[in-house]
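Analysis of the macromolecular model
The chain contents come next:
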Amino acid sequence: MSQLPRLLALVVLFLTLTACEQPSDAKFIPAAETTAETPSEAPQKTGPTVEEARAFVAASESTLEQLGQHNERMGWVLANFITEDTELLAAKSAEQFTAAQVAVASEAARFNSLVGLDYDTARKLNMLKSGIVIPAPMDAAKTAEQSEIGAKLSGMYGRGTYCRDDGSCLALGELEDIIGASRDPAQLLEAWEGWRTVSPPMKPLYARQVELANEGAQELGFDDLGTMWRSAYDMDPADFPGELDKLWEQVSPLYEALHCHVRARLGETYGTEIVPADGPIPAHLLGNMWAQSWENIFDLVAPPQTEAGYDLTAILNDEGYDAISMVKTGEAFFSSLGFEELPETFWQRSLFVKPADRDVVCHASAWDIDEQDDLRIKMCIDVNAEDFKTIHHELGHNYYQRAYKGESYLYRSSANDGFHEAVGDTLSLSITPEYLAKLGLLDEVPDASGDLGLLMKQALEKIAFLPFGLMVDQWRWKVFAGEVGPEGYNELWWQLRERYQGVGAPSDRPADAFDPGAKYHVPGNTPYTRYFLAHILQFQFHQALCEIAGNEDPIHRCSIYGSKQAGERLNAMLEMGRSKPWPDALAALTGSQEMDATAILDYFAPLQAWLDEQNAGRQCGWQ
Ligand code: X8Z
Ligand code: ZN
């Protein structure tokens, strides 16, 4: 029997008894402050006791675990079978789960001034109060409305297609193929604009979702949903943007150098009427639907006389790889580090190939249905290098999930959300020519003269991504803070795209455009700063693991494949889950408590030197 009615009854009772007591201060409370044993300040007899707090945390974990699992299954069914019915069922379960999360978060505030709490209870109370991605107001009708909107938005994205006047329709995957391969600006523009016809109808729904989620966040004591999201980093949420600024300042010179070179080369290809020599790069020319990573235009910007050394997409196809063998190869990498193989159910229950007969959410994701062994991925795999890397990304989530399965419910998560996104990518950094030669996919390892090409390809993926990884939530935080209303959403989006990425809209956007909605994570309501952090962290992890593996090559040539020592150290961090603040988890692997961009800068140092030479005499930056 569902525990929700019982829980809600409890909450109603609590709210009735203490109706005048607002859930006061749900802001960040450093665990250290609440953990200090201060026997002289024993809790007052009238207030809640430490035992009550512990019992409350245990009951909340148990309730949320049950509802969360049910919600996860419903989410899986919706994402694999989008229909009106599954949308409704998923919305219903999301509604129950959100209501329970909010009820618990609100009740947790009861223990705010309690002293003498042990470390774990204090940490978990904090997590209960702030760890909701999309809170709802404590009004049943509004909670239901918000869940329906959430399911509808996901469905609209998953089902989205662009239909031409002649009735022919293209799905996202097909449009992405055009953006990746075509060099015809008119065709590129059609695909780019075409995909953005899916999102205008999302705008009013999104605006209402923001209203409701903000109301929910405010009822829990936060200024708005953005503050709530920023409170998940074991630091005062007010300090978190500064942490991001610091990292961005470290890497932005490298990004600007890459941008400058890429813009100059695109100007040579398409002409300066299309690519202005001193302005933002039009977003449809960068080889990716969102201009978030640019590896598909490698051929246009590659250093002369260097190659990437090999074409992994061609190799995978020539060698007869299919979706399953690509995933098996990813699994084998983890096995080489000493991780246990994936369970049989992973192979039975995952979705690897886009079904022909139904709508699914193709955006890749990893699932942990029972938080024990029922791990799955859901991906519409094509045989190409990009999907090969994405498979490693998704498996990284699954191996992390399995590593922390022994932790209690609230600790079954990554140290911070950037860590979860970084693990699989860290292994992808080890997909080097040496590694491919070990697999028999390359006959010989190219010598160091090919490194510049390899680094360029890698930079087009990893460095190009950084400002995009940052700007998505810069946009959302401003939206959540009410700095802009629906009528200004799109303009703000493009202001930030220009400011951070130096990328501009290729054409005047229609008045009803809602271009943020054409990016999965906006209608899907997935925070995005995690990917920016992951792109910094994965290089820190890679550097540390290479050292542990005894690597002596330049860091961009290091592969940790086969190193049990590296695997052991990685696992030591993964199995901590979220039980300790992220600086402790980071230190367990790297020895450092700071997120820091030195490792990524070291990795790309030879490319930076080459870019600086190329850019001498060019006008860099954008107006
Ligand atoms: O969404 C993802 C993963 C699933 S967590 C495929 N990524 C971001 C994106 O596609 O926009 C990975 C890189 C950034
Ligand atoms: Zn991911």
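Every value quoted in this text rests on a predicted model; they were computed, and no experiment measured them. (Residues numbered from 1 in each chain as written. Chains lettered and ligands numbered in written order. Predicted model: local features only at pLDDT ≥ 70, side-chain atom pairs only at ≥ 80, totals over all residues. Heavy atoms only, no water.)

**Section: the overall build of the protein**
Regarding its fold elements, the protein presents 25 helices and 6 strands. The buried share among the 623 residues of the protein stands at 58%. Charge separation in the protein, taken as the distance between the mean sites of 48 positive and 94 negative side-chain charges, equals 4 Å. (Helix = DSSP H or I, 4+ residues; strand = E, 2+ residues; numbered from the N terminus. Buried < 20%, exposed > 50% of the residue type's maximum accessible area, 1.4 Å probe, protein only. Lys, Arg positive; Asp, Glu negative; His and termini not counted. Charge placed at Lys NZ, Arg CZ, Asp CG, Glu CD.)

**Concerning the environment of T83**
Within the fold, T83 resides in the loop between α3 (50–80) and α4 (84–108). Along the sequence, T83 and D359 sit 276 residues apart, while their C-alpha atoms lie 7.8 Å from each other. Within the structure, the side chain of T83 is placed 3.2 Å from the backbone nitrogen of D85, a separation counted as a polar contact. (Polar contact = N/O pair within 3.5 Å; in protein donor to acceptor, adjacent residues only side chain to side chain.)

**Brief notes about the site of ligand 1**
For ligand 1, the full set of nearby residues is Q292, H363, A364, H393, E394, H397, E421, F465, K519, H521, Y528 and Y531. Between ligand 1 and H363, the relevant distance is 2.6 Å, taken from an oxygen atom to a side-chain nitrogen or oxygen of the residue. Coverage of ligand 1 by the protein chains reaches 83% of its 360 Å² of free accessible surface. Broken down by element, the residue count for the shell around ligand 1 peaks at 3 residues, all from helix α16 (residues 385–403). In the shell around ligand 1, the residues fall into 4 nonpolar, 5 polar and 3 charged. (Near = heavy atom within 4 Å. Areas by Shrake-Rupley, 256 points an atom, 1.4 Å probe, with all protein chains shown as cover. Nonpolar A, V, L, I, M, F, W, Y, C, P; charged D, E, K, R; others polar.)

**Re a negative patch on the surface**
A grouping of D311, D318, E319, D443 and E444 is seen on the molecular surface, where their side chains present a negatively charged patch. When you line up the elements, D318 lands in helix α13 (residues 312–318). Judged by its relative accessible area of 67%, D318 falls in the exposed class. (Patch = residues over 30% accessible without salt bridge, like charges linked within 9 Å, V, L, I, M, F, W, Y side chains within 5 Å. Salt bridge = Lys/Arg side-chain N within 4 Å of Asp/Glu carboxyl O.)

**With respect to the pattern of salt bridges**
Under the definition given, this model contains 29 salt bridges. Of the charged contacts in the structure, one is a salt bridge between D374 and R376, with a shortest N-O distance of 2.9 Å. You'll find D374 and R376 in the same group, each marked buried. Each of K389, D425, E461 and K462 takes part in one network of salt bridges that share partners.

**A look at the pairing of strand β5 (residues 375–378)**
On β5, burial covers both faces: L375 and I377 on one face and R376 and K378 on the other are all buried. As defined by bridge partners, strand β4 (residues 365–368) adjoins β5 across 4 bridges and the pair is classed as antiparallel. Bridge pairing links D368 to L375 in β5. The loop that links β4 with its antiparallel partner β5 comprises 6 residues; one of these, E371, has a positive phi angle of about 55°. (Pairing = 2+ DSSP bridges.)

**Quick notes on the side chain of Q538**
Inspection of the secondary structure puts Q538 in helix α21 (residues 529–548). Not counting chain neighbours up to four residues away, the residues in contact with Q538 comprise A422, D425, T426, L429 and K462. (Contact = heavy atoms within 4.5 Å.)

**Remarks on helix α23 (residues 582–590)**
Note that an α-helix has 3.6 residues per turn; residues three or four places apart therefore point the same way. Those residues of α23 that sit buried are W582, P583, A585, L586 and L589. Summarising the axial view, the buried residues of α23 lie within an arc of 160°, below the 170-degree limit, and thus occupy one face. Next to the buried residues of α23 lie α11 (240–270), α17 (417–428), α21 and α22 (564–574). Following α23 by one or two positions, G591 has its phi on the positive side, about 85°. (Arc of directions from axis to C-beta.)

**Notes on the coordination of the zinc ion (ligand 2)**
With distances of 2.0 to 2.1 Å, the protein atoms coordinating the zinc ion (ligand 2) are H393 (NE2), H397 (NE2) and E421 (OE). Note that the zinc ion (ligand 2) binds 4 donor atoms; their angles at the metal cover 91 to 130°, and the shape is tetrahedral. (Donors = N, O, S within 2.8 Å, 3.2 Å for Na, K, Ca; no water. Tetrahedral: all angles 85-135°; square planar, octahedral: opposite > 155°, others 65-115°.)

**Here we look at the environment of L470**
Tracing the chain through its elements places L470 in helix α19 (residues 451–480). Relative accessible area serves as the criterion here: at 3%, L470 is assigned to the buried category. In this structure the C-alpha to C-alpha distance between L470 and Y270, which are 200 residues apart in sequence, comes to 28 Å. With near-sequence residues (within four places) excluded, L470 lies in contact with L244, W248, Y500 and F532.

**Considerations on the packing of aromatic side chains**
Summed over the entire model, instances satisfying the criterion amount to 37 aromatic pairs. Ring geometry for F539 against Y603: centres 4.9 Å apart, planes inclined by 75°, an arrangement best described as edge-to-face. One end of the pair, F539, is in helix α21; the other, Y603, is in helix α24 (residues 598–603), with 64 residues separating them in the sequence. No difference in accessibility class separates F539 from Y603, as the two residues are buried. Directly above the aromatic system of Y411 lies the positively charged group of K124, at a separation of 4.7 Å from the ring centroid. (Phe/Tyr/Trp six-rings, centres within 6.5 Å; stacked < 30°, edge-to-face > 60°. Lys NZ or Arg CZ within 6 Å of the ring centre and 35° of its normal.)

**With respect to unusual backbone geometry**
Positive phi, close to 50°, is recorded for D234, a residue that is not glycine. Here D234 shows up in the loop between α10 (225–230) and α11. Look at E371: it is not a glycine, yet its phi comes out positive at around 55°. Topologically, E371 is positioned in the loop between β4 and β5.

**A closer look at the state of the cysteines**
Considering all chains together, one arrives at 4 disulfides under this definition. The side chain of C163 participates in a disulfide bridge whose partner is C169; the two sulfur atoms lie 2.0 Å from each other. Judged by the sign of its S-S torsion, about 110°, the cystine formed by C163 and C169 is right-handed. Of the residues examined, C163 reaches a relative accessible area of 38% and is grouped as partly exposed. For C362, the disulfide goes to C380, at an S-S distance of 2.0 Å. Between C362 and C380 the sulfur-sulfur dihedral comes to about -85°; the bridge is accordingly left-handed. On the criterion of sequence distance, the pair formed by C362 in the loop between α15 (344–349) and β4 and C380 in the loop between β5 and α16 is long-range, its members being 18 residues apart. The exposure class assigned to C362 is partly exposed, which follows from its relative accessible area of 28%. (Disulfide = S-S within 2.5 Å.)

**As for the confidence of the model for the protein**
Taken residue by residue, the protein gives an average pLDDT of 92. The fraction at 70 or more is 92%. Overall, residues 1–44 carries pLDDT values under 50, and its contacts beyond four positions in sequence, including any with other chains, amount to 64 contacts. (pLDDT = per-residue confidence, 0-100.)

**Structural notes on helix α7 (residues 172–181)**
Among the residues making up α7, those that are buried are L172, L175, I178, I179 and G180. Close packing links the buried residues of α7 with α6 (140–159), β1 (161–163), β2 (169–171) and α8 (185–195).

**A word on the environment of G160**
Note on placement: G160 falls in the loop between α6 and β1. The exposure class of G160 is buried, given its relative accessible area of 12%. Separated by 241 residues in sequence, G160 and Q401 place their C-alpha atoms 30 Å apart. Apart from residues lying up to four places away in sequence, G160 is in contact with A171, L172, W195 and V198.

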